[in-house]
Every structure is written in structure tokens, then in C-alpha cells.
Amino acid sequence: MLKYLFTIEKKKHQGLMLVEWGMMIYAAITLVLMLVFYTRLQNPLSMLALRIQSVLMVLALWWIYRMIPCRFIMLLRVICQIVLLGTWYPDTYEFNRLLPNLDHHFAGYEQALFGCQPALLFSRNFASAWVSEPLTLGYVSYYPMMVFISFYYFFYKYEQFLKAAFVIVISFFVLYLVFIFLPVAGPQYYYLAAGTDQIAQGIFPNIGHYFETHSECLPIPGYHGGVFYKILVFAHNAGERPTAAFPSSHMGVTTVMVLLAHDSKNRKMFWTMLVLTVLMFFATFYIQAHYVIDAIAGVFSGIILYFLTSAVYKLFPKIP
């Protein structure tokens, strides 16, 4: 294992990796948006600090790799990008809170399609641990799946490792850009703001700029004594914001990962991830994080992003 990690690579990558360039481009695009809306942003200095720290971290790891060009440092460079995704996510809220909320439209689409609000009724009618725990397991498996498939490619398909990392990370960034310009908070936030009584009657008021100053949400439904439910609540409280509901990034990126698992030819990993993905699909609206249409759009966006990012990666064969 140590030999595998610290053997000096014969083909040392001289410049930044394509996935790192992707992060730089995302940081630059959002920096321009910051300059445009600077006077309206509530936390511009912390947002600027995030961009400076992210760039410096990338450059520092690149410099270390040039001194010690081994696979372990390459792994650290990729892990850095995956970890930073968690800090870029709440950043989308800082932008879309400036725009009028659109949840009333999406709740209306949901009502037109299903004749009800599945996110409001599902957990009420199936509140037992036998339903709650498997679904919350699917939902909280999101980040473990990301780590697992990244390490799988690193240890067993290293020649495709950088492509897999690029496909996952850039899929996130594309979705983050969508979230910035499409302010949909999701049922757990909108139902509380609009009032569940009105929602149950099929009334979906336009709440305008409500989320510019509010971030309260409904309690997460499910079996409160469950292990996976408690993990879900902990993760939710750590970094959730009234943002990023449409399309569901959970479903989008997980679909990308399932396709990567399929490409790996590892049948056990593929079928395990597919089962967890099905559980996650229903969990997205069971826990009221998303409307059903968010989850469906997430699946389709994941398929598109997988093939789009794979095609982009092939366009730059000289940049790993």
C-alpha cells in the first residue's frame, strides 16, 4: 500500500489538473457575480475569503506535487476539491437569496402532476421505522458513495481516476450555477413559510424575498429514534440552506456516480449503489427536502452531466 501511494510517477503532470481548472473557472464566474451584487451581499468578505483560500490551497498542493510527484499527493489534490464542495454549497444561498423565490411555481407544478403534494403526505402516511430508516439510509449514503467510488477508481482504475474526479466535481459546479440563478428552497422551507394549512388546500402563495432574511424550516419527518435519521438531522443542521432544490443535486450527482460504477465493471458496487439510489430518490421527498419533480429532474440532469463532462474531459487530453 505504501509503495503504491508513494512511488514517484513516471509521467509527472506539470500543470494544474482539469478538475482544478474547473474549480478556478467556477470561482472566477462567481467572483464576477460578487462584484456585480457586492453592495447587496450580506457576507461578501467571507465569500471572497473562500475563493482566495481555495485558490491558495490548490496552488500549494500543486507545488507540493511538483516536489513529490506521487499518487498520494495526487489523491490529496482530488480530495481537496471534493471537500471544498461542501463550502461552495452554502455559497449558492448567498446569491439566490437576492432573487425572488420560485417555490410557488414548483409546488404548483407538483400539484398539477400528482393532484397533491407528495412531500407533505408521504411521511405522514408512512412514518414507521420500517419505511423511515431505509429511506434515510439511502439519503445519507450520498457522501459515503462519493468517497467510496473515488477511492475505488484511485486504487483499482488509476488510469481513469482523474476523469472520474472531474466528472463528479464539475457536475457539482454546473448544478451550483443552476442553483444560483434558480432560487427554489424546497418543501421543508417553503411549506413553513407559506403555511402547511394553505399547502394542504392547494394554495401556493408567492413569498417573494422571504428567504433573504429567513432560513427556518420544518422539522425533518421520519422515525426520530432511528440511527440513520439522527445522522441525517446532524448533517442537515451542519450545512443546509434554503437553496438548491431544483434539480436535486443528490439525485443528479448520485446518478453520475451510478454511471461511473457501471463503467467500472464492478457489478457488486453498481447494484449496491443502484439500490441506494432508488432509496434516495424516494427519500428526497419523504424528508421534504425536494418536490418529486426535483428528484426526477435530478436523474435526467445526472445523465446529461455524465455524458457532457465525459465529452469535455476528452477535449483536453493533455490536461489530466
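Note that this is a predicted model, so its numbers are computed, not measured.

*Asks:* Which parts of the structure should I look at to understand the packing of helix α13 (residues 249-263) against helix α14 (residues 267-286)?
*Replies:* Each pair of packed helices can be described by the angle between their axes along with the distance between the axes. Interaxial distance between α13 and α14 falls to 9 Å at its minimum, and their mutual angle equals 165°. The angle between α13 and α14 falls in the class roughly antiparallel. Pair α13 / α14 crosses with left-handed handedness. For the pair α13 and α14, contact is made by H250, M251, T254, M257, V258, A261 and H262 and by R267, M269, F270, M273, L274, T277, M280, F281 and T284, respectively. For the contact of α13 with α14, the residue count by class is 10 nonpolar, five polar and one charged.

*Asks:* When you look at the pattern of salt bridges in this model, what are you seeing that I'm missing?
*Replies:* Side chains that differ in charge, positive against negative, can pair when their charged atoms come close. Scanning all chains against the criterion turns up three salt bridges. Taking the shortest distance from any N to any O, the salt bridge between D91 and R51 comes out at 2.6 Å. One end of the pair, D91, is in helix α4 (residues 71-96); the other, R51, is in helix α3 (residues 44-67), with 40 residues separating them in the sequence. Overall, the relative accessible area of 4% leaves D91 in the buried class.

*Asks:* How do you make sense of the packing of aromatic side chains when you look at a structure like this?
*Replies:* Each aromatic ring pair is summarised here by two numbers: the centre-to-centre distance and the angle between the ring planes. Under the criterion given, the structure shown has 34 aromatic pairs. Plain terms: the ring middles of Y158 and F161 are 6.0 Å apart, the flat faces sit at 15° to each other, and that makes the pair stacked. Following the ring pairs from residue to residue traces out a cluster consisting of Y26, W88, Y89, Y142, Y143, F172, F173, Y176 and F179. Positioned above the aromatic ring of Y158 is the side chain of R71, whose terminal nitrogen or guanidinium carbon lies 4.0 Å from the ring centre. One cation-aromatic arrangement involves R77 over Y65; the distance from NZ or CZ to the ring centre is 5.0 Å.

*Asks:* How should α4 be read in this particular structure?
*Replies:* Count 3.6 residues to each turn of an α-helix, and residues three or four apart come out pointing the same way. The terminal C-alpha atoms of α4, which comprises 26 residues, lie 38 Å apart, in line with the 38 Å expected from a rise of 1.5 Å per residue. Along α4, the helix axis deviates most sharply at G86, where the bend reaches about 30°; the proline P90 sits within four residues downstream.

*Asks:* Please explain α3 as it appears in this structure.
*Replies:* The terminal C-alpha atoms of α3 lie 35 Å apart, and with 24 residues this matches the ideal 34 Å at 1.5 Å per residue to within 8%. Those residues of α3 lying buried are P44, M47, L50, R51, S54, V58, L61 and Y65. In this fold, the buried residues of α3 make contact with α2 (18-36) and α4.

*Asks:* Please clarify how the environment of F300 should be interpreted in this entry.
*Replies:* Following the sequence through the fold, F300 ends up in helix α15 (residues 292-315). A C-alpha to C-alpha distance of 37 Å links F300 and T39, two positions 261 residues apart in sequence.

*Asks:* How should unusual backbone geometry be read in this particular structure?
*Replies:* Outside of glycine, negative phi angles account for most residues, and trans bonds account for most peptide bonds. Geometrically, the link from F246 to P247 is a cis peptide bond, its omega value of -10° lying close to zero. Among the structural elements, P247 can be located in the loop between α12 (227-239) and α13. Here the phi dihedral of A244 falls at roughly 65°; this positive angle occurs in a residue that is not glycine. Among the structural elements, A244 can be located in the loop between α12 and α13. For K265, which is not a glycine, the phi torsion comes out positive at approximately 70°.

*Asks:* Help me understand a nonpolar patch on the surface in this model?
*Replies:* Residues L31, L35, L48, I52, L56 and L59 make up a contiguous nonpolar surface patch of roughly 520 Å² in combined accessible area. Residue assignment for the nonpolar patch shows that the elements contributing at least two residues are α2 and α3. Locating L35 in the fold gives a position in helix α2.

*Asks:* Honestly, the nonpolar core in this entry has me stumped. Any pointers?
*Replies:* Where a protein is soluble and globular, its nonpolar side chains tend to be buried together. Counting 101 residues, the largest nonpolar core has W88, I149, F173, Y176, Y190, M257 and L260 as the members making the most contacts within it. Of the residues forming this core, the biggest block, 15 residues, is contributed by helix α9 (residues 161-181). Excluding residues within four positions of it along the chain, W88 makes contact with M23, Y26, A27, L50, R51, S54, F173 and Y176.

*Asks:* Any chance you could explain the environment of V131 here in plain terms?
*Replies:* For V131, the position within the fold is in helix α7 (residues 129-140). By relative accessible area, which is 22% here, V131 ends up partly exposed. Along the chain, V131 and A297 lie 166 residues apart, while their C-alpha atoms are 24 Å from each other. Ignoring anything within four residues of it in the chain, the contact list for V131 reads F126 and Y286.

What counts and how
- Note on numbering: residues in each chain are counted from 1, in written sequence order.
- With the structure being a predicted model, the display of local features is reserved for residues of pLDDT at least 70 and the display and counting of side-chain atom pairs for 80 or more, all residues being used for whole-chain, interface and lining totals.
- Hydrogens are left out, water is left out, and the side-chain values use all remaining heavy atoms of the structure.
- Only C-alpha atoms enter the line fits that serve as axes; for helices the fit covers just the stretch in contact. Angles between N-to-C directions range over 0 to 180 degrees.
- We count a stretch as a helix when DSSP gives it H or I for four or more residues in a row; a strand needs E for two or more, and each element gets its number in order from the N terminus.
- Here roughly perpendicular refers to angles of 65 to 115 degrees, roughly parallel to angles under 35, roughly antiparallel to angles over 145, and oblique to all remaining angles.
- Take the far helix as your reference; a near helix turned counterclockwise from it by less than a right angle gives a left-handed crossing, and one turned clockwise gives a right-handed crossing.
- Any two residues whose heavy atoms approach within 4.5 Å are treated as being in contact.
- Polar here means any residue outside two lists: the nonpolar Ala, Val, Leu, Ile, Met, Phe, Trp, Tyr, Cys and Pro, and the charged Asp, Glu, Lys and Arg; Gly therefore counts as polar.
- Note on definitions: salt bridges are taken to be side-chain nitrogens of Lys or Arg within 4 Å of carboxyl oxygens of Asp or Glu.
- Working definition: with a 1.4 Å probe on protein chains only, accessible area under 20% of the residue-type maximum means buried, over 50% means exposed, and in between means partly exposed.
- Pairs were defined over the aromatic rings of Phe, Tyr and Trp, the Trp ring being its six-membered one, requiring ring centres within 6.5 Å. Orientation was assigned from the angle between planes: stacked under 30 degrees, edge-to-face over 60, tilted for the rest.
- Each ring is checked for a lysine NZ or an arginine CZ that lies within 6 Å of its centre and within 35 degrees of its normal; such an atom marks a charge sitting over the ring.
- Multiplying 1.5 Å by the helix residue count minus one yields the expected span of that helix.
- The reported bend at a residue is simply the angle between two axes, fitted to the 7 residues ending at it and to the 7 residues beginning with it.
- Like charges are joined within 9 Å and nonpolar side chains (Val, Leu, Ile, Met, Phe, Trp, Tyr) within 5 Å, but only among residues with over 30% relative accessible area and no salt bridge; these make up the patches.
- To be clear on the numbers: accessible area is Shrake-Rupley with a 1.4 Å probe, and residue cover counts the displayed protein chains and nothing else.
- For our purposes a nonpolar core is just a set of buried Ala, Val, Leu, Ile, Met, Phe, Trp, Tyr and Cys residues, chained together by side-chain atoms within 4.5 Å.

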